[in-house]
Structures are given as C-alpha cells and as structure tokens.
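Each chain, written out:
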Amino acid sequence: MAGAGAPARASGLATMSEKEFKRLSEFIHAEVGIKLPLSKKVMVEARLQKRLRTLGMAGYRQYYEYLFSPQGLDEELVHLIDVITTNTTEFFREPRHFEVLTQDVLPAWRSANGPARPFRLWSAGCSTGEEPYTLSIVLSEFASRVSGFRFSIMATDISTRVLSLAKNGVYPEERLAKMSMELKRRYFLRSKDKSRKLVRLVPELRGAIDFRRLNFMESFSFPEPMDTIFCRNVMIYFDRATQEQLLQKFCFQLRSGGHLFIGHSESLTGMDLPLRQHAPTVYRKI
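Residues numbered from 1 in each chain as written. Predicted model: local features only at pLDDT ≥ 70, side-chain atom pairs only at ≥ 80, totals over all residues. Heavy atoms only, no water.

Considering the packing of helix 1 (residues 18–32) against helix 5 (residues 77–84)
- Two elements in contact, helix 1 and helix 5, have axes separated by 12 Å at closest approach and are oriented at 105°. One way to sum up the angle between helix 1 and helix 5 is to call them roughly perpendicular. Contacts from Leu-24, Phe-27, Ile-28, Glu-31 and Val-32 of helix 1 reach helix 5 at Leu-77, Leu-80, Ile-81 and Ile-84.
- When grouped by side-chain class, the residues that make up the contact of helix 1 with helix 5 number eight nonpolar, no polar and one charged. (Axes fitted to C-alpha atoms, helices over the stretch in contact; angles between N-to-C directions. Helix = DSSP H or I, 4+ residues; strand = E, 2+ residues; numbered from the N terminus. Parallel < 35°, antiparallel > 145°, perpendicular 65-115°, else oblique. Contact = heavy atoms within 4.5 Å. Nonpolar A, V, L, I, M, F, W, Y, C, P; charged D, E, K, R; others polar.)

Topic: the side chain of Gln-243
- Structurally, Gln-243 is set in helix 11 (residues 240–253).
- Taking relative accessible area as the criterion, Gln-243 reaches 12% and is therefore assigned buried.
- Excluding anything up to four places from it in sequence, Gln-243 contacts Met-235, Ile-236, Phe-238 and Met-271. (Buried < 20%, exposed > 50% of the residue type's maximum accessible area, 1.4 Å probe, protein only.)

Observations regarding the sheet that holds strand 2 (residues 151–157)
- The seven strands are arranged 6-2-1-7-8-10-9 in an open sheet whose pairing can be described as mixed. A strand with exactly one partner marks an edge of an open sheet, and here the two such strands are strand 6 (209–213) and strand 9 (275–279). Strand-to-strand twist of the sheet, defined as the mean angle between neighbouring strand axes without regard to direction, takes the value 20°.
- Across six bridges, strand 1 (residues 119–124) lies against strand 2 in parallel orientation. If you follow Ala-124 over to strand 2, its bridge partner there is Thr-156.
- Along the sheet face, helix 6 (residues 96–113) touches strand 1, strand 7 (226–231), strand 8 (254–262), strand 9 and strand 10 (282–285) and points at about 170° away from the line of strand 8.
- Across the sheet, helix 11 touches strand 1, strand 7, strand 8, strand 9 and strand 10, and the angle it forms with strand 8 is around 140°. (Pairing = 2+ DSSP bridges.)

What about the packing of aromatic side chains?
- The tally for this structure, following the rule as stated, stands at 21 aromatic pairs.
- Ring plane angle 40° and centroid distance 6.2 Å describe the contact between Phe-119 and Phe-149, whose orientation is recorded as tilted. Of the two residues, Phe-119 sits in strand 1 while Phe-149 sits in the loop between helix 7 (130–145) and strand 2, which places them 30 residues apart along the sequence.
- The class for Phe-119 is buried, based on a relative accessible area of 0%.
- When its relative accessible area of 6% is taken as the criterion, Phe-149 is described as buried. (Phe/Tyr/Trp six-rings, centres within 6.5 Å; stacked < 30°, edge-to-face > 60°.)

A few points about the environment of Val-282
- Within the element layout of this structure, Val-282 appears in strand 10.
- The exposure class assigned to Val-282 is buried, which follows from its relative accessible area of 0%.
- Taking C-alpha positions, Val-282 is 42 Å from Thr-54, a pair spaced 228 residues apart along the chain.
- With residues near it in sequence (within four places) discarded, Val-282 still touches His-97, Val-100, His-259, Leu-260, Phe-261, Arg-276 and Gln-277.

With respect to the sheet that holds strand 4 (residues 188–190)
- Here we have three strands laid out as an open sheet, ordered 3-5-4, and antiparallel in their pairing. Every interior strand has two partners, whereas the edge strands, strand 3 (170–172) and strand 4, have only one. Strand after strand, the sheet turns through a mean of 35° between neighbouring axes, direction not considered.
- Note: strand 3 against strand 5 (residues 198–201), three bridges, orientation antiparallel. Bridge assignment links Tyr-171 to a residue of strand 5, and that residue is Val-199.

Quick look at the confidence of the model for the protein chain
- Averaged over all residues, the pLDDT of the protein chain is 89; the fraction at 70 or higher stands at 94%.
- Below a pLDDT of 50 lies the segment residues 1–12, which in the model reaches twelve contacts outside its immediate sequence neighbourhood of four places, other chains included. (pLDDT = per-residue confidence, 0-100.)

Overview of unusual backbone geometry
- The phi torsion at Ser-127 lies on the positive side, around 55°, for a residue other than glycine.
- Mapping Ser-127 onto the fold places it in the loop between strand 1 and helix 7.
- Of the residues examined, Ser-127 reaches a relative accessible area of 6% and is grouped as buried.
- Of note in this structure, Asn-233 is not a glycine but carries a positive phi near 60°.
- Its place among the elements puts Asn-233 in the loop between strand 7 and helix 11.

Below is the structure:
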C-alpha cells in the first residue's frame, strides 16, 4: 500500500497523456501483437486503475517506470496482459464449426489414419476454457461411435488468469443454456450446494486437455504436428502483418492435410499461405 505521504491514489489519477498511451501501445504490440489504437485509450486507463490500486501506485508515470524496469518486465507483463485482453467465449460458439469437424474432418481423418495414432488438436487462444471443453465433448462423442478413436487436446492462452479458470473447469449453470440435456448430464457435475448454480466438467474431460501459457509473438514448436487448429476471434486484435506472421506459424505446426478453423469475422483473403478453403472460415493445408 502507498505510504501516508504518497500522492493521490489511483481513483484520482490524472488522464493518461497521448504520448504515454502511445508508448504503452507500442510496447504491447511488440510483446504480444495486440494493436491498441488511440480510441482504446479511455478503456485502457479504466482497466489499469485497478492494477495501480493493487500496486499502491500514484499514477501512470510511476507504473511505467516499474513496467519498463527489469523487475517489471519479469513480474508485471502477465498482469498487464490480463488487464488489456478481452475474453468473450461460450460453449459451442459458432456451432457450424463443430458440425464441419464431426461430419467432414474427423471421418476423413479416421479413414486415412485408422486407430494407429491419436487425433491431435490445438485450441489456440482458449480463454476461460469453453472452446477446448466443447471440443473435448465433440471428440468424446465421436469416440463413443468410432471404436479405437483416440485424441489429445492442447489449449493455450497468453493470460494466466483465464488459464487458471479454464483448468478449474467450473462455470455458472446458465452457460450451458444452448447445450442438450443429454450432454449436460454426461459431461457436467452440479455443485452440491444447489444455491450456487455452478457446474464442473467431469474429471475425464478436465484430464483430457493440456493447458499451457503461450505468447504467439514468441517462437514455439511442438514435438508432433497438429491435425487441426482452432484459433477463432483472436486475430481480430492483431494488425494485418501480425496476422499473416501468426498464420505462417500455424501452418508450420499443422500437418499436411490438416485443418485450420478461424472466427467468422476473420479473413485470410490476399495472404500467401499453403491453405485452401474447405468451408466458410475452415481451411485445409495443402
């Protein structure tokens, strides 16, 4: 906490200058790829105030001095990312993608590979876990109909806060509103305290997903290529050049013939990538 003689607390902060905001936005773009135009300045100010109160800091200048110090770069970057990132997700979001996966991608993969190895899937930008858990449900349902089908799911996000929530696998019951009663009964456990109206994924689903922190701007590689990558509604926060660089990384990690699913508001038009459209916002590596 700030000492007795400290300047005004964060609730009375002066407005962040455009110069200060530009320095912060350039830093965020370089570190995590997210583009913050000047129109986002008020939002960033509001979100940072809580962080400054937590640190007991008097203003943005003091925060910047800390952030850009060796200690700050090591300790504060993950908290800054949590502050500026927006995590909007739900179970079975953009449901047509799961239909394409179940009806097209999985049967073709099974026909080509048989039971020899597991189907490998990456949920890139998994947020609080609804997407990878939905995928785990979809793949489990497919496995119940196809003898010998096995799968593995890796789920990554840059935010340690949302990864912690995802690993726990606990959600308000209302989040399952779009899900059939059969799937709810099969894959979710209700809280013993009925007044809390919470549900938790069954242990089998929680154990089926490997949650990891990953920054797309850093170099990364996996021991085995992926058969399918879901990266939906993440690239909208990046500029065009950063999007193309990230997609090239995805293609490198994707097995030939594998599929990439992107958000319905995202586009690959005009990019030089080894991908061919399979369905709306679904691409196959050639």
